[in-house]
Amino acid sequence: MHKTIFGTTEKSNFILNMKSSSVDKLNRIGVILAVLLPLLSGLVIAIIDNHFVILSLGTYISGFTAVVFFMINALRGDVSIKKSPAFWAVVALAVLSLVSYYSVFINPYEGLESSVHGDLTPLVGEYGRYEGLLVLLCYFGIFLLAMCVKDKKTPEKAAIAIAVGGAVVSLFAVLQHIPGLDFPNAYKNLPTFAYDNVYLSSGASDSPIFYGAFVTIIFAFCGGLAIFTDKHKYIFAAAALLSFTTGLFTSSITPIIGCAAAALLLLVLSLITKRGRRFAVGILIIAALIFVIVLLTQGIWIRDTYIARFDGFYRKFIVGSTVMDDKNIYENAWGAALNMIKQYPLFGVGPDSFAAYQNFSVRTYDSAYNEYLFTAATRGILSALAYIALLITAVTRLVKNIKNKYAPVLLAVVIAYVIQAFFNTSAITVAPLFWLILGFSFSPLIEAKQTTKKSDIVIKDKKNNNKNTAKHKKRKK
């Protein structure tokens, strides 16, 4: 007798009685969409530098598709959620985000009225940022779908999609950095600070700072695949090094911190697992040489403060004066975040309402430029703790299953991203990819393979020999 949902007779049969291979294909489609669509949205904006709402379209489509596909897996019982700490951590994040959204209207503040989206800001996010409640739910959906992946083809296809997407965006970033090419680049000048002809690379991330997080992910992921897997090693290594090189064209500290952490992690993990040690050393040496060459030929500049102010005020006009004082981005933005946390410790000032909470005449930043402070300030300390708990759980699980070929790769990505996030913020152009990789950390495919004991092999061999001897005696008779 066919299974049905909620005792129905026919309409739900196609879901529960769908072939496992068909569900695997759906999961694969959802994963590929989560990789490519946000990148495509970012590339469109990098070309037209207008109509910034397009930034959110790729995440909306892939995110809500992921939610639907996850529900199919859950209804079929293909994914175990009752005893999954990761699932409940994400549920807690979703509930806390919802409570944070409604808390804004219980205690409304004046700055919300001057926000571009007004009362809709906690729902859809700040103009040009779009990390409101709806997008957060998309992130969580992408994470949950990645948890459902069981077949071996999906991570392989996803790896290729991430590598190809990363390479395409890196080539785009190279073209952005070439002076006189007149290639689309919103950051070739920083006119409000008299920095002309800087040609900063932002790739498909809408900001050189956010691009630093993307570079960190691609360098750690592709570098890890080159070290710990057997297929396309040199192609993955080339993609990793190309991405790292473009990170040096951003004038941001984030790709330097993120890639340095990733390189050291990959080297240490290769020594621990005794896999790909020569490749790890080779990648580290080549990356160091690239750093020195870029430093000597064009210099490496740190302009995060100017980039953030230029983007928030000049391009998006979502913050106030760009020259309030001489304090750097972290001193100002972190201080603003801590003030919000003191006033609204439990549920924050509302999803993506960091800029809206401040008075427009004095606010200078649209984010804390520290993902953990940003989460605590906008969605509350409880959300920040739940997020940190999820990250710790992912790292713990990957360490436990370090013998799995994908575990070191994912571990390097997660830890490197976590480190650079102290100087960066969650961005709609990068976060979908990180949440996907974080979700893969809880996939059944990450279980470490059990090696067969030699004693078991000896016993099996004896049994086989006895059977063969018995058969041979029968033939003689």
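Above this note sits the structure.
Notes on the structure follow. As the structure is a prediction and not an experimental result, all values here were calculated from the model. Counting starts from 1 at the beginning of each chain's written sequence and moves along it residue by residue. Note on the predicted model: pLDDT of at least 70 is required for a residue's local features to be given, and 80 or more for side-chain atom pairs to be given and counted; whole-chain, interface and lining totals, by contrast, use all residues. Hydrogens and water molecules were not included; the side-chain quantities draw on all heavy atoms of the structure.

Description of the overall build of the protein
Helix and strand assignments follow DSSP, with helices taken as H or I runs no shorter than four residues and strands as E runs no shorter than two, numbered in order from the N terminus. The number of helices and strands found in the protein is 20 helices and 0 strands. Residue burial in the protein is summarised as follows: out of 477 residues, 56% are buried. By definition, residues are in contact when any of their heavy atoms lie within 4.5 Å. Counting only contacts in the protein whose residues sit at least 6 apart along the sequence, the fraction spanning at least 24 positions is 75%. Here, Shrake-Rupley sampling with a 1.4 Å probe gives the accessible areas, and only protein chains in the shown set may cover a residue. Carbon and sulfur atoms form 66% of the exposed surface of the protein, whose accessible area is close to 21,500 Å². Only protein chains enter the calculation, and the probe is 1.4 Å; a residue is then buried if its accessible area is under 20% of its type maximum, exposed if over 50%, and partly exposed in between.

Remarks on empty space enclosed by the protein
Lining residues are defined by having an atom within 4 Å of a point belonging to a cavity or pocket. Those points lie on a 1 Å grid over the protein atoms alone, cavities being sets where a 1.4 Å probe fits but cannot get out and pockets being open sets with protein on both sides within 12 Å along at least five of seven lines. Grid points are joined across faces, edges and corners, and a volume is the space filled by probe spheres set on the points. A complete count under the given rule lists 6 cavities of 30 Å³ or more for this structure. In this structure, the largest cavity occupies an estimated 150 Å³ of space. Lining the largest cavity are 15 residues, and of these L136, T375, R379, S426 and W435 sit closest to its centre. Among the elements of the structure, α7 (133-147) and α16 (371-379) are those that each provide at least two residues to the lining of the largest cavity. Looking at which element gives the most residues to the lining of the largest cavity, the answer is α16, with 5 residues. Residue composition of the lining of the largest cavity, by class: 8 nonpolar, 3 polar and 4 charged. Ten residues, namely Ala, Val, Leu, Ile, Met, Phe, Trp, Tyr, Cys and Pro, are considered nonpolar, four, namely Asp, Glu, Lys and Arg, are considered charged, and the remaining ones, Gly among them, are considered polar.

Let's talk about a positive patch on the surface
Each patch is built from residues that are more than 30% exposed by relative accessible area and take part in no salt bridge. Like charges join if they lie within 9 Å; nonpolar side chains (Val, Leu, Ile, Met, Phe, Trp, Tyr) join within 5 Å. Salt-bridge detection follows one rule: a side-chain nitrogen of Lys or Arg within 4 Å of a carboxyl oxygen of Asp or Glu. Asp and Glu count as negative and Lys and Arg as positive, but His and the ends of the chain are not part of the count. Each charge is placed at NZ for Lys, CZ for Arg, CG for Asp and CD for Glu. Residues K19, K25, K153 and K157 make up a contiguous surface patch of positive charge. Relative to the assigned elements, K157 resides in helix α8 (residues 153-177).

What to know about the nonpolar core
By convention a nonpolar core is built from buried Ala, Val, Leu, Ile, Met, Phe, Trp, Tyr and Cys residues, the set being connected through side-chain atoms within 4.5 Å. Counting 113 residues, the largest nonpolar core has F143, F219, F221, L390, W435 and L438 as the members making the most contacts within it. At 14 residues, the largest contribution of residues to this core is made by helix α9 (residues 208-228). Apart from the residues lying within four places of it in its own chain, the contact partners of F219 are G224, A240, L241, S243, F244, C259, A262, A263, L266 and I283. Ranked by size, the runner-up nonpolar core spans 17 residues in total, among them Y109, L112, I341 and A368.

Looking at a nonpolar patch on the surface
Taken together, the side chains of L346, I381, L382, L385, I388 and I392 present a nonpolar region at the surface, about 510 Å² in accessible area. Structurally, the position occupied by I381 is in helix α17 (residues 381-400).

Examining α17
Expected helix span is computed as 1.5 Å times (number of residues minus one). Its 20 residues place the ends of α17 28 Å apart at the C-alpha level, agreeing with the 28 Å of an ideal helix rising 1.5 Å per residue. Burial in α17 covers these residues: S383, A384, A386, Y387, L390, L391, A394, R397 and L398. All buried residues of α17 project into a common sector of 165 degrees when viewed along the axis, lining one side. Set apart from the buried face of α17 by more than 90 degrees, the exposed residues are I392 and K400. Think of it as the arc spanned by the lines of direction from the helix axis to the C-beta atoms.

A short note on the pattern of salt bridges
Enumeration over the complete set of coordinates arrives at 11 salt bridges. In this structure, R315 and D206 form a salt bridge, with 3.1 Å as the shortest nitrogen-oxygen distance. Note that R315 is positioned in helix α13 (residues 304-315) and D206 in the loop between α8 and α9, a separation of 109 residues in sequence. One exposure class covers both R315 and D206, and it is buried.

Observations concerning the side chain of E126
Summarising the element assignment, E126 is placed in the loop between α6 (121-124) and α7. Not counting residues within four places of it along the chain, the set of residues in contact with E126 comprises S115, V116, H117, T121, I318, D352, A355 and A356.

Topic: the packing of helix α10 (residues 233-247) against helix α12 (residues 277-297)
For the pair α10 and α12, interaxial distance at closest approach is 10 Å and the crossing angle is 30 degrees. Taken together, α10 and α12 sit at an angle that is classed as roughly parallel. Crossing angle aside, the handedness with which α10 passes α12 is right-handed. Counted together, K233, Y234, A237, L241, F244 and T245 of α10 and F279, I283, I286, A287, I290 and F291 of α12 form the full contact between these two elements. Angles here are taken between N-to-C directions and fall from 0 to 180 degrees, while the axes themselves are lines fitted to C-alpha atoms, restricted in helices to the stretch in contact. In these notes the angle categories are as follows: under 35 degrees is roughly parallel, over 145 is roughly antiparallel, 65 to 115 is roughly perpendicular, and the rest is oblique. Left-handed describes a crossing in which the near helix is turned anticlockwise from the far one by less than a right angle; the clockwise case is right-handed.

These figures capture arrangement, not role.
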